[in-house]
Amino acid sequence: MMAPEAPARTPSAKPAQLAEPVLEIRGLCVDYGYGADAVSAVVDCDLVLRRGEVMGLAGESGSGKSTLAMAAIRLLRSPGVITAGEVLFHSRPFSEEGPRGTIDMLAANDSVLRTVRWSEISVVLQSALNALNPVITIGAQFDDLLRVHRPSFSNRDRWNRSAELLDMVGMTADRLRSYPHELSGGMCQRAMIAMALALEPQVILLDEPTTALDVVTQREILEELMGLRDQLGFAALFITHDLSLLVELADEIAVMYAGRVMERAPAASLFHAPRLPYTYGLLNCFPPMHGPRRPMEGIPGSPPDLRVLPTGCAFHPRCRWAMERCRQERPVLRPLGGPNREVACWLHAGDATIPRELAHPEPPAAAGRPAATGPARAARARR
Ligand SMILES: Nc1ncnc2c1ncn2[C@@H]1O[C@H](COP(=O)(O)OP(=O)(O)O)[C@@H](O)[C@H]1O
Ligand code: SF4
Ligand SMILES: [Mg+2]
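Values in this document were obtained by computation on a predicted structure and should not be read as measured data. Throughout, a residue's number is its position along its own chain's written sequence, starting from 1. For naming, the first written chain is A and the first written ligand is 1, with later ones following in the order written. This being a predicted model, a pLDDT of at least 70 is required before a residue's local features are given, and a value of 80 or more before pairs of side-chain atoms are given or counted; all residues contribute to the totals for chains, interfaces and linings.

Engineer: Kindly report on the environment of Trp346, identifying the contributing residues and their values.
Structural biologist: Segments assigned H or I by DSSP are reported as helices when at least four residues long, segments assigned E as strands when at least two residues long, and all are numbered from the N terminus. Mapped onto the fold, Trp346 is located in the segment after strand S12 (342–343). Here a residue counts as buried when 20 or more other C-beta atoms fall within 10 Å of its C-beta, as exposed when 12 or fewer do, and as partly exposed in between; the C-beta atoms come from the backbone. For Trp346, a count of 21 C-beta atoms within 10 Å puts it in the buried group. Sequence-wise, Trp346 and Cys326 are 20 residues apart; in three dimensions their C-alpha atoms are separated by 6.8 Å.

Here it is as structure tokens:
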């Protein structure tokens, strides 16, 4: 028999924008290094993740996505240092063991952080093979986790719970006896996701969780993950350089460039009507899956060296619509028409002429996420 579990969580019935916040990041600033040599990797970032929501965080490599997420849960590696901001985790006491109330993550001591990390906020990183311990079996790794966090479980309970978790991610219980090197990359990543779900966290941070996998396996895992999100109701911060993934998965998307959030919008709005030239460039870096064909344009140049940022808008050397003002003054995030829409771009301030590419009407409010195009869940193969 399994030990009695905490009551199952039901997914939020409210639309994401009406649900209450679970993780609030306000004015977060992170530097690497100190003094004159410091590089500002995250500058004045605000993100609000709501219960049951999938928030996408997109941007090219080096734009500060991982730094932002790791700083929020205080897993930043040296020489990273948080220089300003606030991160609040609003816990809901689902279990006797869990923390209650609001936790100021930047002020919390190690003991509080230990109760929050993994139990309430878990992380899935890109390389599961590195994250898993190579010298013990998958089952032993689940066992260690449950032994610490579910002390009331018997040996049999831990085994049963581990098998149940593997089943949730489409793996059979016999894999508990496997070592990580005996599993494919996709299976390792599934096992990591199962471990991240083991304690029924309220938030999962997914940092490029499928980037190392082939596209078919990637899509299957993402579909499973979103199915689990619907079933379990956790909120997810999904980080990727691939904006095309997010338009199908996320409720809201924030786009980062050179350490700053430059555009934020519901996924359908961002997909159908991007307002920021950089977002427009990211969307045109891949062939469209829906609607009429359009040429792939890409973004010229490469992301800036954070030690020598361009003046004004950091994107101006790569922006086809850059104006004189863009070279002089840095735009700040400001609200646009439409709920939860913000952009930092001079084209949408004052009397600038907005290019037609960035002037598409907002999609209807009910548009939701653009439809997924992946293989049917029922037809998936276990890779
Ligand atoms: N360990 C480090 N030491 C010094 N600078 C770093 C380190 N890690 C990241 N950075 C700086 O922070 C920037 C953002 O990195 P990161 O958060 O990993 O970006 P992303 O996840 O978007 O690819 C990098 O462009 C780099 O300048
Ligand atoms: S502010 Fe200017 S340079 Fe920056 S994205 Fe907008 S148009 Fe381009
Ligand atoms: Mg990263």
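Read on, since the account is not over.
Engineer: Quick one: what's the story with the site of ligand 1, residue by residue and with numbers?
Structural biologist: Here, nearness is defined through the C-beta atom: a residue counts as near a molecule or strand if that backbone-placed atom lies within 6 Å of it. Surrounding ligand 1, one finds 14 residues, the nearest of these being Tyr32, Ala41, Gly62, Ser66 and Thr67. Elements with a minimum of two residues in the shell around ligand 1: strand S2 (39–50) and helix H1 (65–72). In terms of residue count, the dominant contributor to the shell around ligand 1 is H1 (three residues). The residue inventory of the shell around ligand 1, partitioned by class, reads five nonpolar, seven polar and two charged. Each residue is assigned to one of three groups, with Ala, Val, Leu, Ile, Met, Phe, Trp, Tyr, Cys and Pro labelled nonpolar, Asp, Glu, Lys and Arg labelled charged, and all others, Gly among them, labelled polar.

Engineer: Can you lay out the environment of Leu197 for me, pointing to particular residues and giving the numbers?
Structural biologist: With respect to the element layout, Leu197 can be found in helix H6 (residues 185–197). Along the primary structure Leu197 and Trp118 are separated by 79 residues, whereas in three dimensions their C-alpha atoms are 8.5 Å apart. It is the C-beta atoms, placed from the backbone, that decide contacts: two residues are in contact if theirs lie within 7 Å. Here Leu197 is in contact with Leu165, Met168, Leu228 and Leu232, once residues within four sequence places are set aside.

Engineer: Tell me about the sheet that holds strand S9 (residues 252–257), and name the residues and values.
Structural biologist: When DSSP finds at least two bridges between two strands, those strands are taken to pair. Reading across from one edge, S6-S7-S8-S3-S9-S10-S12-S11 is the order of the eight strands in this open sheet, with mixed pairing throughout. Of all the strands in the sheet, just strand S6 (121–124) and strand S11 (334–335) have a single pairing partner and so form its edges. Across five bridges, the pairing between strand S7 (residues 203–207) and strand S8 (residues 235–240) is parallel. From the neighbouring strand, Val203 faces S8, where its bridge partner is Ala235. Lines are fitted to the C-alpha atoms to define the axes, a helix being fitted only along its stretch in contact, and any angle between axes, read from their N-to-C directions, falls within 0 to 180 degrees. Packing of H1 onto the sheet brings it into contact with strand S3 (54–58), S7, S8 and S9, and relative to S8 it is tilted by some 150 degrees.

Engineer: Would you mind going over the site of ligand 2 in detail, with residue names and values included?
Structural biologist: The environment of ligand 2 is formed by 15 residues, the closest being Cys313, His316, Cys319, Cys326 and Cys345. Of the residues belonging to the shell around ligand 2, the class tally is 14 nonpolar, one polar and no charged.

Engineer: Now, about the sheet that holds S2: what can you tell me, with residues and values included?
Structural biologist: Reading across from one edge, S2-S1-S4-S5 is the order of the four strands in this open sheet, with antiparallel pairing throughout. A single partner strand is all that each edge strand has here, and the edge strands are S2 and strand S5 (101–104). Neighbour-to-neighbour, the strand axes of the sheet open up by a mean angle of 5 degrees, direction not taken into account. Both strand S1 (residues 21–32) and strand S4 (residues 80–91) contribute to a ladder of eight bridges, which runs antiparallel. What sits directly across from Arg26, in S4, is Glu86. Helix-sheet contacts for H1 involve S1, S2 and S4, and the interaxial angle to S1 is about 115 degrees.

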